[in-house]
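One letter stands for each residue in the lines below.
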Amino acid sequence: MLAIISDIHANLEALDATFAAGMKLGVDEWICLGDVVGYGANPNECVERVAALCSVVLFGNHDEAAIGGMDLSWFNPWAAEAAQWTIGALTPDSRKFLSERPYRHETGLATFVHSTPVAPEEWNYVLRQSDARAQATGFATPFCFVGHSHCPGVFPVDPVEATSEPRHLINVGSVGQPRDGDPRACMVVLTEAQDSEPDIRLVRLKYDVEAAQRKIIEAGLPEMLARRLEVGA
Ligand code: ZN
């Protein structure tokens, strides 16, 4: 069973709860779509965990910001403040790991990116069906898994010309800062079955939100970043 996770955002409580639940379900491979850091108080611990447990970890925009690769004026004030804090908190090992992340991963079944398959390095969002339709030329696999918006969702996408198979772009939501009004962590689990469609499920997981909030406050990060965790916004 494959689990796809994204947007951990240095929330160790959410990440550990997600790994623990996945192990119980029988997950034996993990793919992370990026944004391991930024917003939360445990960037190095989250980098260590994903580096040890995930077979693939992609590059996200907050990872790019955290290694000093981005003009922070693109971010809202809280994100910029958190990115600045993260730049100062990262160990050389974490920085090296994040700086070596690829933008894209592909198997026969699926394409994996942080933002969009058409231009993964441009950090555009897929928020609605029309956004997803514009991504049809960016992948040739039956499925494309993305993160970045922190809102889980499934979007049908036009088939590749040569085949008539329906295709889907799937947003796996966020482990560490869900924004769909549900504060529980998100992950997607995929089980491949012989002679039939793979089984793909969104799993929501309760975790110790208060502990994550406390750490954000104690670290001196913007209070708003703690408050939003309890409402999933
Ligand atoms: Zn993110």
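Here the structure is a predicted model, which means the values were calculated and not measured. (Residues numbered from 1 in each chain as written. Predicted model: local features only at pLDDT ≥ 70, side-chain atom pairs only at ≥ 80, totals over all residues. Heavy atoms only, no water.)

## Things to note about the side chain of His114
The following threshold applies: Here a helix means four or more residues in a row that DSSP labels H or I, a strand means two or more in a row labelled E, and each is numbered from the N terminus. As used in this structure description, the phrase polar contact means that two N or O atoms lie within 3.5 Å; if the pair is within protein, one of them must be able to donate a hydrogen and the other to accept it, and residues adjacent in sequence are counted only when both atoms belong to side chains.
Inspection of the secondary structure puts His114 in the loop between strand 5 (110–113) and helix 6 (129–133). Within polar-contact distance, the side chain of His114 engages the backbone oxygen of Leu33 at 2.8 Å. A distance of 3.2 Å separates a polar atom in the side chain of His114 from a polar atom in the side chain of His148.

## Brief notes about the packing of helix 1 (residues 12–25) against helix 2 (residues 43–53)
For any two helices packed against each other, one specifies the crossing angle of their axes together with the interaxial distance. For clarity, the threshold we go by: The axes used here are C-alpha line fits, helices contributing only the stretch in contact, and every angle between their N-to-C directions lies in the interval 0 to 180 degrees. With respect to orientation, any angle under 35 degrees is reported as roughly parallel, any angle over 145 as roughly antiparallel, any angle of 65 to 115 as roughly perpendicular, and every other angle as oblique. The crossing is said to be left-handed when, going from far helix to near helix, the turn is anticlockwise and less than a right angle, and right-handed when the turn is clockwise. Should any heavy atoms of two residues lie within 4.5 Å, those residues are counted as being in contact. Each residue is assigned to one class: nonpolar for Ala, Val, Leu, Ile, Met, Phe, Trp, Tyr, Cys and Pro, charged for Asp, Glu, Lys and Arg, and polar for all the others, Gly among them.
At a minimum axis separation of 9 Å, helix 1 and helix 2 run at an interaxial angle of 20 degrees. Comparing the axis directions of helix 1 and helix 2 gives the class roughly parallel. In this structure, helix 1 meets helix 2 at a crossing whose hand is left-handed. Between helix 1, through Leu12, Leu15, Asp16, Phe19 and Met23, and helix 2, the contact on the second element is made entirely by Glu45, Cys46, Arg49, Val50 and Leu53. Residues of the contact of helix 1 with helix 2, tallied by class, amount to 7 nonpolar, no polar and 3 charged.

## Quick word on the coordination of the zinc ion
This is how the line gets drawn: Excluding water, the donors of a metal are its N, O and S neighbours within 2.8 Å, or within 3.2 Å for Na, K and Ca, and that exclusion means sites may look incomplete. Geometry is assigned from donor-metal-donor angles: four donors are tetrahedral when every angle falls between 85 and 135 degrees, four are square planar and six octahedral when opposite donors sit over 155 degrees apart with all other angles between 65 and 115, and any other arrangement is irregular.
Binding of the zinc ion to the protein goes through Asp7 (OD), His9 (NE2), Asp35 (OD) and His150 (NE2), at separations of 2.0 to 2.3 Å. Around the zinc ion, the 4 donor atoms are arranged such that angles at the metal cover 86 to 179 degrees; this shape is classified as irregular. On the primary sequence, the residues serving as donors to the zinc ion are separated as D-x1-H-x25-D-x114-H. Of this pair, His9 sits in the loop between strand 1 (2–5) and helix 1 while His150 sits in the loop between strand 6 (143–146) and strand 7 (153–157); the two residues are 141 residues apart in sequence, bridging distant segments of the chain.

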